[in-house]
Amino acid sequence: LVIHPSLVPPSALTPLLTRDGKAGFVVVDLSDLDAFAPIEGVEVPDAPLYVMGDPQRGDEYRNQSPDEVAPQLAAAGRTPLTISEGISWLLQAPDMLQPNHCFMTTGSRIRGARGRLDARTPAVWISGGTGRDGRSNRGAPKVGWCWAGNRHTWLGIASAASRG
């Protein structure tokens, strides 16, 4: 079950994520998280709540970039998750977020003034407690971003079979 982002934006849902008693957080350089919207071809139902069918973390897509995986998802009849869907899913199935088994939500991007997609794609992983995250966030769910052209060995690309 997904909470539509117009009802509760992803930045408001993120602190509700927990892992080992620690609340989720949004990285400081993702202050525009709520501006990420579904990409072309990702049809989010116009309802406050909707069902996402067969969500998967996309472990088989680790070490592939979002740009490389997009045609594979389409060929398999799957649709990439939005950041709101990824967070909603983890609120109901927190065990899906595991060390070295986290995911990108490539169904959400920002379109710039010239119509081009921003190169960032949102992702959810577990903080290592380093740098700007702070030691107190070590092990907490972290909403951040990755470049759409980069590969990560520990980030899958989450998808669903349907929305409705």
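Structural notes, computed from the coordinates.

Parameters and conventions
- Residues numbered from 1 in each chain as written.
- Predicted model: local features only at pLDDT ≥ 70, side-chain atom pairs only at ≥ 80, totals over all residues.
- Heavy atoms only, no water.
- Pairing = 2+ DSSP bridges.
- Helix = DSSP H or I, 4+ residues; strand = E, 2+ residues; numbered from the N terminus.
- Contact = heavy atoms within 4.5 Å.
- Axes fitted to C-alpha atoms, helices over the stretch in contact; angles between N-to-C directions.
- Core = buried A, V, L, I, M, F, W, Y, C linked by side-chain atoms within 4.5 Å.
- Buried < 20%, exposed > 50% of the residue type's maximum accessible area, 1.4 Å probe, protein only.
- Salt bridge = Lys/Arg side-chain N within 4 Å of Asp/Glu carboxyl O.
- Phe/Tyr/Trp six-rings, centres within 6.5 Å; stacked < 30°, edge-to-face > 60°.
- Disulfide = S-S within 2.5 Å.
- Patch = residues over 30% accessible without salt bridge, like charges linked within 9 Å, V, L, I, M, F, W, Y side chains within 5 Å.
- Areas by Shrake-Rupley, 256 points an atom, 1.4 Å probe, with all protein chains shown as cover.

**Side note on the sheet that holds strand 11 (residues 120-126)**
In step 1: Across the sheet, which stays open at both edges, the five strands sit in the order 4-12-11-9-13 with mixed pairing between neighbours. Pairing within the sheet leaves two strands with one partner each, and these edge strands are strand 4 (25-26) and strand 13 (155-157).
In step 2: Packed onto the sheet, helix 2 (residues 66-75) meets strand 9 (102-104), strand 11, strand 12 (141-147) and strand 13 and runs at close to 35° relative to strand 13.

**Examining the nonpolar core**
In step 1: Core analysis: the largest hydrophobic core is formed by 34 residues, its most contacted members being Val 124, Val 143 and Leu 155.
In step 2: In this structure, Val 124 is in contact with Ile 83, Leu 90, Leu 97, Cys 102, Phe 103, Lys 142, Val 143 and Leu 155, ignoring residues within four places of it in sequence.

**Structural notes on the pattern of salt bridges**
In step 1: Enumeration over the complete set of coordinates arrives at nine salt bridges.
In step 2: Among the salt bridges present, the one from Asp 20 reaches Arg 19, with a minimum N-O distance of 3.4 Å.
In step 3: Judged by its relative accessible area of 67%, Asp 20 is exposed.

**A word on the packing of aromatic side chains**
In step 1: Taken as a whole and assessed by the stated rule, the structure comprises three aromatic pairs.
In step 2: Where Trp 89 meets Phe 103, the ring centres are 5.6 Å apart and the plane angle is 40°; that geometry is what we call tilted. You can see Trp 89 sitting in helix 3 (residues 83-92) and its partner Phe 103 sitting in strand 9, a full 14 residues away along the chain.
In step 3: For Trp 89, a relative accessible area of 9% puts it in the buried group.
In step 4: Under the relative-accessibility criterion, Phe 103 is labelled buried at 0%.
In step 5: Seen from their ring centres, Trp 125 and Trp 154 are 5.5 Å apart, and the 70° between their planes marks the pair as edge-to-face. A residue pair is termed long-range when its members are at least 10 positions apart, and Trp 125 in strand 11 and Trp 154 in the loop between strand 12 and strand 13 qualify at 29 residues.
In step 6: The exposure class assigned to Trp 125 is buried, which follows from its relative accessible area of 13%.

**Remarks on the state of the cysteines**
In step 1: In total, this model carries zero disulfides according to the counting rule given.
In step 2: We note that Cys 102 lacks a disulfide partner, and the nearest cysteine sulfur, in Cys 146, lies 10 Å from it.
In step 3: According to the relative accessible area criterion, Cys 146 is buried, its value standing at 5%.

**Concerning the environment of Gly 149**
In step 1: Following the sequence through the fold, Gly 149 ends up in the loop between strand 12 and strand 13.
In step 2: On the accessibility criterion, Gly 149 (52% relative accessible area) is exposed.
In step 3: With residues near it in sequence (within four places) discarded, Gly 149 still touches Ser 65 and Asp 67.

**A look at a nonpolar patch on the surface**
In step 1: Judged by side-chain polarity, Leu 1, Leu 7, Leu 49 and Val 51 come together as a nonpolar surface patch covering roughly 380 Å² of accessible area.
In step 2: Along the polypeptide, Val 51 turns up in the loop between strand 6 (49-50) and strand 7 (52-53).

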